[in-house]
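The residues making up each chain are set out below.
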Amino acid sequence: LDGCDMKSFTPNTLTNQVKLIKDLEEAKRLGYSIEREEYILGVACVGAAIFDQTNKPIGALSISGDPNFLKKDDLSTKVYELMRTANEISRNLGHYL
């Protein structure tokens, strides 16, 4: 990340390398990432990687909406469906989980 322009788009944008690395490590551990109004205020997102047969990430699948759609009482269902779909696409591309 050295030399990267970590431009701030909103007050929530991760512009600190240490915090960004921690966020990326958490996404790798969980298999998905949550973005909370980091790019556009009023928009939040949950995303998961799509992998090919060599275990290389080649794309991503995400769902976006009003930040309220990330409320904890419903978040696990949304993450489950997102992960299920991303894994199915990955399997269809030859990735073995």
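Residues numbered from 1 in each chain as written. Predicted model: local features only at pLDDT ≥ 70, side-chain atom pairs only at ≥ 80, totals over all residues. Heavy atoms only, no water.

(A) Structural context of the sheet that holds strand 3 (residues 57-65). Spatially, 1-2-3 is the arrangement adopted by the three strands of the open sheet, whose pairing is antiparallel. Of all the strands in the sheet, just strand 1 (33-36) and strand 3 have a single pairing partner and so form its edges. The average undirected angle you get between the axes of adjacent strands in this sheet is 25°. Examined bridge by bridge, strand 1 and strand 2 (residues 44-51) share four bridges and lie antiparallel to one another. If you follow Ile-34 over to strand 2, its bridge partner there is Val-46. The strands touched by helix 2 (residues 72-92) are strand 1, strand 2 and strand 3; relative to strand 2, the strand with the most contacts, the crossing angle is about 25°. (Pairing = 2+ DSSP bridges. Helix = DSSP H or I, 4+ residues; strand = E, 2+ residues; numbered from the N terminus. Axes fitted to C-alpha atoms, helices over the stretch in contact; angles between N-to-C directions. Contact = heavy atoms within 4.5 Å.)

(B) Molecular detail of the packing of aromatic side chains. One pass over the structure, following the stated rule, counts one aromatic pair. Here the aromatic rings of Phe-9 and Tyr-39 are separated by 4.7 Å at their centres, their planes lie at 65°, and the arrangement is edge-to-face. One end of the pair, Phe-9, is in the segment before helix 1 (17-30); the other, Tyr-39, is in the loop between strand 1 and strand 2, and 30 residues separate them in sequence. Residue classification places Phe-9 among the partly exposed positions, given a relative accessible area of 45%. (Phe/Tyr/Trp six-rings, centres within 6.5 Å; stacked < 30°, edge-to-face > 60°. Buried < 20%, exposed > 50% of the residue type's maximum accessible area, 1.4 Å probe, protein only.)

(C) Just helix 1, in detail. Relative to the 20 Å expected for 14 residues at 1.5 Å per residue, helix 1 spans 20 Å between its end C-alpha atoms, a close match to the ideal helical length. If you check the start of helix 1, you find a side-chain oxygen 2.9 Å away from the backbone N of Val-18, and it comes from Asn-16. Backbone geometry just after helix 1 places Gly-31 at a positive phi near 95°. (Expected span 1.5 Å × (residues − 1). Polar contact = N/O pair within 3.5 Å; in protein donor to acceptor, adjacent residues only side chain to side chain.)

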